[in-house]
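Architecture at a glance
Residue-level listing of the chains:
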Amino acid sequence: MAEAAPQQDSTLSPANHPTTSACAETEATIFSCTIRDGRTIAVCVQRDEQGRQYAQYRFGQGDEPPELAWPTSFDERGMQWASVPYSGGGEAQLSFARGDVRYVIYSRVIRTNFTPGEPNDPRFEDGAYVYRGERRISSLPCAGEAARPVSVAMAERFAEQQDTLFTD
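Report on the accompanying structure. Sequence positions are assigned chain by chain, starting from 1 and proceeding in written order. Two thresholds apply to this predicted model, a pLDDT of at least 70 for residue-level local features and 80 or more for giving and counting side-chain atom pairs, whereas whole-chain, interface and lining totals are computed over all residues. Side-chain metrics rest on all non-hydrogen atoms present in the structure, leaving aside hydrogens and water.

Examining the pattern of salt bridges
Here is the rule: A carboxyl oxygen of Asp or Glu within 4 Å of a side-chain nitrogen of Lys or Arg is what we treat as a salt bridge.
For the structure on display, the rule yields nine salt bridges. Salt bridges linked by common partners bring Glu-91, Arg-108, Arg-123 and Glu-125 together as one network.

Here it is, written out as structure tokens:
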């Protein structure tokens, strides 16, 4: 599947525009990884001028201004999260929508061995999917394990919980 880059967001004010795509040392990290082409996907805890905190998605080269950062203010926030246990693993997802485009950030652990007496050999997968309507238009797997898989504890604080995952 082609890896389509999210659109540049030119509506950010300088006060809310992060200087890099990666989370700063002063920001809590809810999720972070590098994808195959070297760009960063991160969900950081952003603080506005009034000290209110919210989850902000960022995408782009880690040491450069992001190609996309959303939301741009506390009032725009709309991040959601969900998790589900699997036999020998589980999955946590963060999601938000901008118009008819939905972004889903995921971390999952999948058991790969069910032979009694042997280790379950878990497989770790992290990354993001981008959907337009019901159609997946981009799959952005992390290159290796995420630097920070989706933190359910942080998601509980900065996103609205949903009962089901955002993907099939």
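What follows continues from the structure just given.
What to know about the packing of aromatic side chains
Any pair of aromatic rings gets described here by the distance separating the centres and the angle formed by the planes. In plain terms, the rule: Two aromatic rings from Phe, Tyr or Trp, using only the six-membered ring of Trp, form a pair when their centres are within 6.5 Å; if the ring planes differ by under 30 degrees the pair is stacked, by over 60 it is edge-to-face, and anything between is tilted. Comment: elements are numbered from the N terminus, with helices defined as DSSP H or I runs of at least four residues and strands as E runs of at least two. Three exposure classes are used, based on accessible area relative to the maximum for each residue type with a 1.4 Å probe and protein chains only: buried under 20%, partly exposed in between, and exposed over 50%.
By the definition in use, this model includes seven aromatic pairs. Measuring from ring centre to ring centre gives 4.7 Å for Tyr-106 and Tyr-129, while their planes differ by 20°; the resulting arrangement is stacked. Linking Tyr-106 in strand 7 (residues 101-110) with Tyr-129 in strand 8 (residues 123-132), this pair joins segments that are 23 residues apart in sequence. Of the two residues, Tyr-106 and Tyr-129, both sit in the buried class. Their ring planes at 70° and their centres at 6.3 Å tell us that Tyr-129 and Tyr-131 sit as a pair that is edge-to-face.

Looking at the sheet that holds strand 2 (residues 39-47)
Convention followed: Following DSSP output, two strands are said to pair if at least two bridges run between them. For helices, the axis comes from a line fit to the C-alpha atoms of the stretch in contact; other axes are also lines fit to C-alpha atoms, and the angle between any two N-to-C directions lies between 0 and 180 degrees.
Within the open sheet, the four strands sit side by side as 1-2-3-4. Their pairing is antiparallel. With one partner strand each, in any of the chains shown, strand 1 (29-34) and strand 4 (68-70) form the two edges of the open sheet. Sheet twist, expressed as the mean angle between neighbouring strand axes with direction ignored, is 15°. The pairing of strand 2 with strand 3 (residues 53-61) spans nine bridges and is antiparallel. Looking at strand 3, one finds that Val-45 is bridged to Ala-55.

What about the state of the cysteines?
Threshold: What counts as a disulfide here is a pair of cysteine sulfur atoms lying within 2.5 Å.
Applying the stated criterion to the full structure yields two disulfides. What pairs with Cys-33 in a disulfide is Cys-142, and their sulfur atoms sit 2.0 Å apart. In this structure, the disulfide formed by Cys-33 and Cys-142 twists by about -80° around the S-S bond and is classed as left-handed. Pair noted here: Cys-33 is in strand 1 and Cys-142 is in the loop between strand 9 (135-141) and helix 1 (152-158), with a separation of 109 residues, a long-range link. Exposure class is identical for Cys-33 and Cys-142. Each is buried.

Some details on the sheet that holds strand 5 (residues 80-86)
To summarise the sheet geometry, strands pair through backbone hydrogen bonds and adopt either a parallel or an antiparallel arrangement. Pairing is mixed across the open sheet formed by six strands, whose spatial order is 9-8-7-6-5-10. The open sheet has two free edges, formed respectively by strand 9 and strand 10 (160-161), since each of these has just one partner strand. As paired elements, strand 8 and strand 9 share six bridges and run antiparallel to each other. By the bridge assignment for strand 9, Val-130 is matched with Ser-138.

As for unusual backbone geometry
In this model, Trp-70 is joined to Pro-71 through a cis peptide bond whose omega is 0°. Looking at the secondary structure, you find Pro-71 in the loop between strand 4 and strand 5. Notably, Asp-121 is not glycine yet its phi reads approximately 45°, a positive angle. Counting through the fold element by element, Asp-121 comes out in the loop between strand 7 and strand 8.

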